[in-house]
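So the chains spell out like this:
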Amino acid sequence: MGNQSSKVKPAEQPWIEEGQKHFCSISQFKLCNVVGKGSWSTVFVVKDRRSKQKFALKCINKKKHNPGKLKQLLTEVSLLRSLDHPLLCRFYSEFEDDNKIYLVSDLMLGGDLRYHIAQNRFQESVVCVWIAELASALMYIHSKGILHRDIKPDNILLDEYGHCRLVDFNVAARLSHQTQDGKSYVKGRVGTPAYMSPETLVHSIGYRESDWWSLGITMYECLLQNRPFSSTMVVNWIRSSEKEKSSLLETMCSSLEIRNNKQLNTLSKEAHAAILGFLEPSIKNRYGHQEKDIPNVSFFSSVCFETISQGKWAPKFRPKSGKLYADPILELEASF
Ligand SMILES: Nc1ncnc2c1ncn2[C@@H]1O[C@H](COP(=O)(O)OP(=O)(O)OP(=O)(O)O)[C@@H](O)[C@H]1O
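Residues numbered from 1 in each chain as written. Predicted model: local features only at pLDDT ≥ 70, side-chain atom pairs only at ≥ 80, totals over all residues. Heavy atoms only, no water.

Once that is clear, we can look at the UniProt feature "binding site: ATP" (unreviewed entry) in the protein. Sequence positions flagged by UniProt for "binding site: ATP" (unreviewed entry) are, in local numbering, Lys 58. Position of Lys 58 relative to the elements: it lies in strand β3 (residues 54-61). On the basis of relative accessibility, which here comes to 17%, the residue Lys 58 falls in the buried class. Sequence-distant contacts of Lys 58, that is, excluding residues within four places in its chain, are made with Ser 41, Thr 42, Val 43, Glu 76, Ile 101, Tyr 102 and Leu 103. (UniProt positions renumbered as here; feature names shortened; annotations may be inferred. Helix = DSSP H or I, 4+ residues; strand = E, 2+ residues; numbered from the N terminus. Buried < 20%, exposed > 50% of the residue type's maximum accessible area, 1.4 Å probe, protein only. Contact = heavy atoms within 4.5 Å.)

The strand order β10-β11-β12 describes an open sheet built from three strands, whose pairing is antiparallel. Edge positions in the sheet fall to β10 (177-178) and β12 (205-206), since each has one partner strand and no second. Here two bridges tie strand β11 (residues 184-187) to β12, and the two strands are oriented antiparallel to one another. In the strand pairing of β12, Lys 187 is matched with Ile 205. (Pairing = 2+ DSSP bridges.)

This brings us to the site of the ligand. Taken together, 18 residues lie near the ligand, and Ser 41, Lys 58, Asp 106, Asp 168 and Asn 170 sit nearest. Between an oxygen atom of the ligand and a side-chain N or O atom of Asp 168, the distance comes to 2.6 Å. When the ligand sits alone it has 620 Å² of accessible area, and the protein chains cover 82% of it. The biggest single contributor to the shell around the ligand is strand β1 (residues 29-37), with three residues. Two domains each donate at least three residues to the shell around the ligand, and these are domain 1 (26-105) and domain 2 (111-310). (Near = heavy atom within 4 Å. Polar contact = N/O pair within 3.5 Å; in protein donor to acceptor, adjacent residues only side chain to side chain. Areas by Shrake-Rupley, 256 points an atom, 1.4 Å probe, with all protein chains shown as cover. Domains from an automatic or database assignment.)

In structure tokens form, the structure reads like this:
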């Protein structure tokens, strides 16, 4: 382990002049490209006319969304405003006009992990830095009392140097409830089925450990290019009768079969153990139950968590510079 900070371009926030952080009108920007499309937004690369700096501008069409969705958006904005970490995508401003709501944030030019893992099978050393960076971001948001609830490769963007940024706080929530023994949780079966923890699927509840489970599925996928449970398998479990649902946890654990999974056996013993640690059905035994122990997980022995958490650890994979990691079809579909 070595401190690489002198050689490495940190995951720094772009420089912005004081006073320019609070964008309030679309006229302040020149539209450049479409960089992504979500289920309720289009994301543009825009250039601030004054500083010439580029940002991501998420545009949400008010007319296409019901008041419930817009309320959810307000929650997302309030959560984003409370967060500031080198491995999250910094949020600057929101403003609106008659038709749209606009959110301005850091622009991530390296594409999402879903794209990259579909192209390549990555070395463990690459994935180790990604998962350590995500673990660091996760510990930070948990320390702020927030659950992400939708960790998956689609919601992880790379910056131009290859640092991971956890994005999409659409369904994130504050840990607003407490069990009798003082454990914080959020109600609801929320997220993407294939990444949902057993407790979320079975009891419609999310703990901090539930995000660690999703990170475990993400790690599995980054290393092996597939997932331990398919979405249809999970959806079928959810749709099963109430009686069967009570045995869902058992089914899921036995289906895990990952303890004897041939693919897992192709990994180092450290990677294998980390996946089993994150995908531990019992939350008390799951990695992340004691978040302070995460840096001691043997899979992370080659990285320094302090440097990782400052966004200064050198990623082992750097996206191609000058390439726009966006489906060209989005450009054609864009409307404004
Ligand atoms: N800051 C950013 N920099 C670069 N690209 C981004 C940024 N934010 C979002 N994108 C791109 O835009 C896509 C859509 O963004 P996002 O998932 O936040 O939209 P959404 O409407 O909230 O989507 P959904 O509800 O389907 O998750 C992302 O998959 C990503 O490719």
